[in-house]
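# Breakdown of the fold
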Amino acid sequence: MPGTVVVIPAFNEEANLPAVLGELRRELPEADVLVIDDGSTDGTARVAAEAGAGVVSLGANLGLRIGIAAGYREAHERGYDLCGRVDADGQHPAAELARLLALVRSGACDVAIGSRFAVGEGLEAGRYVPSRARRLGIGILRRAMRVRLGRPFRDPGSGMAAVNAAAMPVLAEPYRSGAPEVEALLRLHRAGLRVEEVPVEMRERASGLSRLRGARAVKLVLTVTGTLLFFRWMSRRG
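The following refers to the structure shown. (Residues numbered from 1 in each chain as written. Predicted model: local features only at pLDDT ≥ 70, side-chain atom pairs only at ≥ 80, totals over all residues. Heavy atoms only, no water.)

Most of strand β1 (residues 4–10) sits out of view: 7 of its 7 residues are buried. Of the two faces of β1, the one holding Thr4, Val6, Ile8 and Ala10 and the one holding Val5, Val7 and Pro9 are both buried throughout. In terms of strand pairing, β1 meets strand β4 (residues 82–85) through 4 bridges, oriented parallel. Each residue of the ladder has a partner; that of Val6, found in β4, is Gly84. Handedness of the crossover is the feature at issue here: the chain leaves β1, passes through helix α1 (residues 17–27), returns alongside strand β2 (residues 32–37), and the resulting connection is right-handed. (Buried < 20%, exposed > 50% of the residue type's maximum accessible area, 1.4 Å probe, protein only. Helix = DSSP H or I, 4+ residues; strand = E, 2+ residues; numbered from the N terminus. Pairing = 2+ DSSP bridges. Right-handed = clockwise from strand over helix to strand, strands pointing away.)

Below is the structure:
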């Protein structure tokens, strides 16, 4: 895929990155790969460079919302036609990202979001079962997203995406909330860009622990709800 880059925000993912990068190389051999190293204290940057990926080091741990914006900004400024995004923890299969990129390249949409909960294309409901607490939070978020977007959106927190050149500058602006994926959907909606939610398979993270557990998961739900409620106000401040 000439003109395509895959960005990977990463913080202390030395153990998971080799497999993620190897899979991308097999499934998307013509795509460039750019790791956004968010101030990792392990060998994340070294492992990425040794695997042939480009590395942008932020110098300090600035958080996911900064890393996401930096990835899209680099893709836009370097003149890529398409940009894919996957997480560094191994949850996002490269073959699924390839499907999203192909959909965007076809012109069917400006942005394709990989969804654990959408059904279709041989993927049934219930293939991914979150914890009880997450199910409650997801239900709240789905209802709120439907009100704000005027359409159902089943997986607003998904970190797997493919976007075209028109969407990159919209997504490259600094995020003001702690829920960058949700804020991104609101921005795309406001910009009038076409967003498709595509059913995909996802895996559990390959190693390590998710930071979204317990009290942090509850805090995330509250943060996302606040983003939905106050998005216009945050935009005016910018």
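Back to the write-up after that little detour.
Read across the open sheet, the 7 strands follow the order β3-β2-β1-β4-β6-β5-β7; overall the sheet is mixed. The open sheet has two edge strands, β3 (54–57) and β7 (195–199), and neither has a second partner. Taken over all neighbouring pairs, the strand axes of this sheet differ in orientation by 20° on average, direction set aside. (Axes fitted to C-alpha atoms, helices over the stretch in contact; angles between N-to-C directions.)

A few words on helix α7 (residues 180–190). Burial of α7 is extensive: 9 of the 11 residues sit out of reach of the surface. Three or more residues of α7 are buried, namely Pro180, Glu181, Val182, Glu183, Ala184, Leu185, Leu186, Arg187 and Leu188.

For a regular strand, the rule is simple: side chains alternate between the two faces of the sheet. Sheet topology places β2 next to β3; 4 bridges connect them, and they run parallel. What sits directly across from Leu34, in β3, is Gly54. Read as a crossover between parallel neighbours, the route from β2 over helix α2 (residues 44–50) to β3 is right-handed.

Take the packing of α1 against helix α4 (residues 94–105) next. Contact geometry for α1 and α4: axes closest at 9 Å, N-to-C directions at 50°. It follows that α1 is oblique to α4 by the angle criterion. Judged by the twist between their axes, the crossing of α1 over α4 is right-handed. Each of Glu23, Leu24 and Glu27 in α1 lies in contact with α4, whose residues at this interface are Ala94, Ala95 and Leu97. (Parallel < 35°, antiparallel > 145°, perpendicular 65-115°, else oblique. Left-handed = near helix turned anticlockwise from the far one by under 90°. Contact = heavy atoms within 4.5 Å.)

This brings us to unusual backbone geometry. Of note, Asn12 is a non-glycine position whose phi angle comes to about 50°, a positive value. Within the fold, Asn12 resides in the loop between β1 and α1. Given a relative accessible area of 30%, Asn12 falls into the partly exposed group.

Along the chain, Asp110 turns up in the loop between α4 and β5 (111–115). Here the side chain of Asp110 touches Asn164 through a polar contact of 2.8 Å, side chain to side chain. A polar contact is formed between the side chain of Asp110 and the backbone nitrogen of Arg194, at a distance of 2.8 Å. Excluding residues within four positions of it along the chain, Asp110 makes contact with Val104, Ala162, Val163, Asn164, Ala167, Leu193 and Arg194. (Polar contact = N/O pair within 3.5 Å; in protein donor to acceptor, adjacent residues only side chain to side chain.)

Evaluated as defined, the whole model comprises 0 aromatic pairs. The cationic tip of Arg187 hangs over the ring face of Tyr175; the distance from NZ or CZ to the ring centre is 3.9 Å. (Phe/Tyr/Trp six-rings, centres within 6.5 Å; stacked < 30°, edge-to-face > 60°. Lys NZ or Arg CZ within 6 Å of the ring centre and 35° of its normal.)

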